[in-house]
Amino acid sequence: MADSTSKLDFQLYCITGANYHPGRSVVDVVEQALIGGADIIQLRDKTSSKQDIRENAHKLRQLTKRYGVPLIINDHIDIALEVDADGVHLGQDDLSLAEARQLLGPDRIIGISTHSIEQGLAAQAGGADYIGVGPVYPTGTKPGRAAVTTSYVQEAAAQIRIPFVAIGGITLGNVDTVIAAGAKRICAVSEIVGADDPAAVCRAFKAKLKAAANDSEAQQPDFAGTGVIVNGVAQRTTARTVWELICQHSLEERRIVVELDGEIVVREEWSRTSIREGAAVELVHFVGGG
Ligand code: TZP
Ligand code: MG
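So, how was this worked out
Residues numbered from 1 in each chain as written. Chains lettered and ligands numbered in written order. Predicted model: local features only at pLDDT ≥ 70, side-chain atom pairs only at ≥ 80, totals over all residues. Core = buried A, V, L, I, M, F, W, Y, C linked by C-beta atoms within 7 Å. Buried ≥ 20, exposed ≤ 12 C-beta atoms within 10 Å, placed from the backbone. Helix = DSSP H or I, 4+ residues; strand = E, 2+ residues; numbered from the N terminus. Contact = placed C-beta atoms within 7 Å. Pairing = 2+ DSSP bridges. Right-handed = clockwise from strand over helix to strand, strands pointing away. Axes fitted to C-alpha atoms, helices over the stretch in contact; angles between N-to-C directions. Domains from an automatic or database assignment. Expected span 1.5 Å × (residues − 1). Arc of directions from axis to C-beta.

K.L.:
Sorry, what's going on with the nonpolar core here?
P.N.:
Grouped burial of nonpolar side chains is what soluble globular proteins tend to show. Membership of the largest hydrophobic core comes to 65 residues, with the highest contact counts inside it found for Cys 14, Val 133, Ala 166 and Ile 186. Here this core gets five residues from one element, more than from any other, and that element is helix α1 (residues 26–36). Those residues in contact with Val 133 that sit more than four places away from it in its chain are Thr 114, Gly 120, Val 148, Tyr 152, Val 153, Ala 156, Phe 164, Val 165, Ala 166 and Ile 167. Membership of the second largest hydrophobic core comes to 10 residues, among which are Val 228, Val 242, Trp 270 and Ile 275.

Pasting the structure below:
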């Protein structure tokens, strides 16, 4: 899994879709999205020649570098490597996660499209850095693909521990419902790149995502703690993440293995893995070594 925690600390993910902006270049439209606050960009182009995709990838790499924003390439691992993109995004029928990791090395981001909680959990277990959850609503950008509805967003919020991004048919008109279902990250193609003013749409999305994040933080102060079982001992903890729990147990300097509800949590995930009510945590401390 890529060590890319801060790059995945995004709220608004913008994917390209050149058919939505005839007469305007992809670079121009993406720059507008970046001005409006898009946090991560994906070049997705299912129709152009490989050469044209490669050229746009080079241009978007330069642009996203100027804005300090990660660039993800859909499908084309070779182009991602050539332009030094931050990662790739793959669908269920693309190259396997294991093969992609082999080609990309440990540091680049791999995102996987998923359409059910089973696929989401499999991608997580296979080392995906983030998953797409969708299409939440039917969308002309992926015609013929059944909507997963907000019930998969709810399942993902409850069970997925890596970043997940809700996608598919998301607009300024329905994003509140998607956020209410548990999405902290959202992605859009047509609503952003098809807009007359992509920057304004991005600003509006960001305002809604930020307001929701602030609301959930504001609910935290009288937080009485979460009931958990640590190494077999029931206790309440104010730790919100595995990392905070480790610090509370003064184990941050130690070599430890963490198991949450029977599953190992790798070190890179500690700070973004939430502690939920009733969780069983094993903090196994290695003494010595060899
Ligand atoms: N993956 C799932 S839905 C989708 C992709 C690429 C398309 C999203 O496009 P839009 O226009 O935001 O519905
Ligand atoms: Mg694909």
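Having put the structure on the table, let's press on.
K.L.:
Can you help me understand the pairing of strand β5 (residues 109–114) in this one?
P.N.:
On a regular strand, one side chain projects to one face of the sheet and the next to the other, so that they alternate. Summarising burial for β5: six of the six residues are buried, a large majority. Burial along β5 is two-sided: Ile 109, Gly 111 and Ser 113 facing one way and Ile 110, Ile 112 and Thr 114 facing the other are all buried. Judged from the four bridges that link them, strand β4 (residues 87–90) and β5 form a sheet pairing that is parallel. Bridge assignment links Gly 87 to a residue of β5, and that residue is Ile 109. What joins β4 to β5 is helix α4 (residues 97–104), and the crossover it makes is right-handed. Across four bridges, β5 lies against strand β6 (residues 130–133) in parallel orientation. Within β6, the residue paired with Gly 111 across the bridge is Tyr 130.

K.L.:
Hey, could you run me through the environment of Gly 23 in this one?
P.N.:
Positionally, Gly 23 belongs in the loop between β1 (12–15) and α1. On the neighbour-count criterion, Gly 23 (5 C-beta atoms within 10 Å) is exposed. In sequence terms Gly 23 and Asp 197 are 174 residues apart; their C-alpha atoms lie 14 Å from each other.

K.L.:
Would you mind going over the sheet that holds strand β11 (residues 256–260) with me for this structure?
P.N.:
Picture the strands of a sheet paired through backbone hydrogen bonds; they go either parallel or antiparallel. Pairing is mixed across the open sheet formed by five strands, whose spatial order is β10-β9-β13-β11-β12. The outermost strands of the open sheet, each flanked by one partner alone, are β10 (233–237) and β12 (263–265). Shown here is a sheet whose adjacent strand axes are inclined to one another by a mean of 35°, direction ignored. In the sheet, β11 pairs with strand β13 (residues 280–285) via five bridges, with the strands oriented antiparallel. Its bridge partner being in β13, Leu 260 is matched across the sheet by Val 281.

K.L.:
Just to check I follow, could you spell out the domain arrangement of the protein for this structure?
P.N.:
A common way to state how big an interface is: give the accessible area lost once the parts meet. Here the domain parsing of the protein yields domain 1 (12–219) and domain 2 (226–285). Distance between the C-alpha centres of domain 1 and domain 2: 30 Å.

K.L.:
In this structure, what is going on with the sheet that holds strand β8 (residues 186–188)? I would like to understand it.
P.N.:
Pairing in this closed barrel of eight strands is parallel, and the strands run β1-β2-β3-β4-β5-β6-β7-β8 around the ring. Averaged over neighbouring strand pairs, the angle between their axes works out to 25° when direction is ignored. α4 contacts β4 and β5 of the sheet and is inclined by roughly 160° relative to β5.

K.L.:
Got a minute to help me understand the pairing of β13 in this structure?
P.N.:
The pairing of strand β9 (residues 226–230) with β13 spans two bridges and is parallel. Bridged to Val 230 within β13 is Val 281.

K.L.:
What exactly am I supposed to notice about the environment of Ile 131 here?
P.N.:
Mapped onto the fold, Ile 131 is located in strand β6. Look at Ile 131 and you get buried, because 25 C-beta atoms sit within 10 Å. Each C-alpha atom, one on Ile 131 and one on Pro 70, is 16 Å from the other, the two residues being 61 residues apart in sequence. When sequence neighbours within four positions are dropped, the list of residues in contact with Ile 131 reads Gly 111, Ile 112, Thr 114, Gly 120, Ala 123, Gln 124, Ile 160, Ile 162 and Phe 164.

K.L.:
What is the right way to look at helix α9 (residues 198–218) in this model?
P.N.:
Along an α-helix, residues three or four positions apart point the same way, because every turn accommodates 3.6 residues. Its 21 residues give α9 an end-to-end C-alpha distance of 30 Å, which sits within 8% of 30 Å, the value for a rise of 1.5 Å per residue. For α9, the set of buried residues is Pro 198, Val 201, Cys 202, Phe 205 and Leu 209. Take α9 and look down its axis: the buried residues cluster within an arc of 100°, on one side only. With respect to the buried face of α9, the exposed residues turned more than 90 degrees away are Ala 207, Ala 211, Asn 214, Asp 215 and Ala 218. Those residues of α9 that are buried are in contact with β1, α1, α7 (175–180), β8 and α8 (190–193).

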